[in-house]
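Summary of the model geometry
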Amino acid sequence: MFERVDYTVARIDGDYAYLQQDGSTGKELKCVARALLPAEINEGTKLAYEMMQYEVIQDDTANRQNVQ
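Overview of the structure. Remember, it's a predicted structure, so these values are computed and weren't measured experimentally. (Residues numbered from 1 in each chain as written. Predicted model: local features only at pLDDT ≥ 70, side-chain atom pairs only at ≥ 80, totals over all residues. Heavy atoms only, no water.)

1. Digging into the nonpolar core
- Grouped together as the largest cluster of nonpolar side chains are ten residues: Tyr7, Val9, Ala17, Leu19, Val32, Leu37, Ile41, Leu47, Tyr54 and Val56.
- For this core, the secondary-structure elements that each account for two or more residues are strand S1 (5-13), strand S2 (16-21) and strand S5 (53-56).
- The residues contacting leucine 19, other than those within four sequence positions of it, are Tyr7, Thr8, Val9, Ala10, Leu29, Lys30, Val32, Leu47 and Tyr54. (Core = buried A, V, L, I, M, F, W, Y, C linked by side-chain atoms within 4.5 Å. Buried < 20%, exposed > 50% of the residue type's maximum accessible area, 1.4 Å probe, protein only. Helix = DSSP H or I, 4+ residues; strand = E, 2+ residues; numbered from the N terminus. Contact = heavy atoms within 4.5 Å.)

Encoded structure:
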C-alpha cells in the first residue's frame, strides 16, 4: 500500500509541478502542489514518493535526502 514510486519532474507551472512516473509508458502527468514537494526541485529532478512524502533522490538511491 505504501510502496515507493519514483517520479521525474516533467514541468513546473506556478504553484504546481507535473510529475511523470518513472517507467510509465503513458503520457498522463500527476499534478502536485509545490507546497507538498521539496523546495529545491527543478524540471528533471528525480523524486521518490513513499509513506505519504516526497523526497529528492540521486541516481544512487542510497544517497537520498529526506524532505517532507
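Let us keep going from here.
2. Digging into the environment of cysteine 31
- Checked against the element boundaries, cysteine 31 lands in strand S3 (residues 30-33).
- Residue class for cysteine 31 comes out partly exposed when judged on its relative accessible area of 42%.
- The spacing of cysteine 31 and glutamine 20 is eleven residues in sequence and 9.3 Å in space, taken between C-alpha atoms.

3. A word on the packing of aromatic side chains
- Within the structure shown, the criterion is met by two aromatic pairs.
- Ring centres 6.4 Å apart and planes at 50° place the aromatic pair tyrosine 7 and tyrosine 54 in the tilted group. Separated by 47 residues along the polypeptide, tyrosine 7 in strand S1 and tyrosine 54 in strand S5 bring together distant segments of the chain.
- Residue tyrosine 7 is classed as buried on the basis of its relative accessible area of 7%.
- Between the aromatic rings of tyrosine 49 and tyrosine 54, the centroid separation amounts to 4.5 Å while the plane-to-plane angle is 45°, which identifies the pairing as tilted. (Phe/Tyr/Trp six-rings, centres within 6.5 Å; stacked < 30°, edge-to-face > 60°.)

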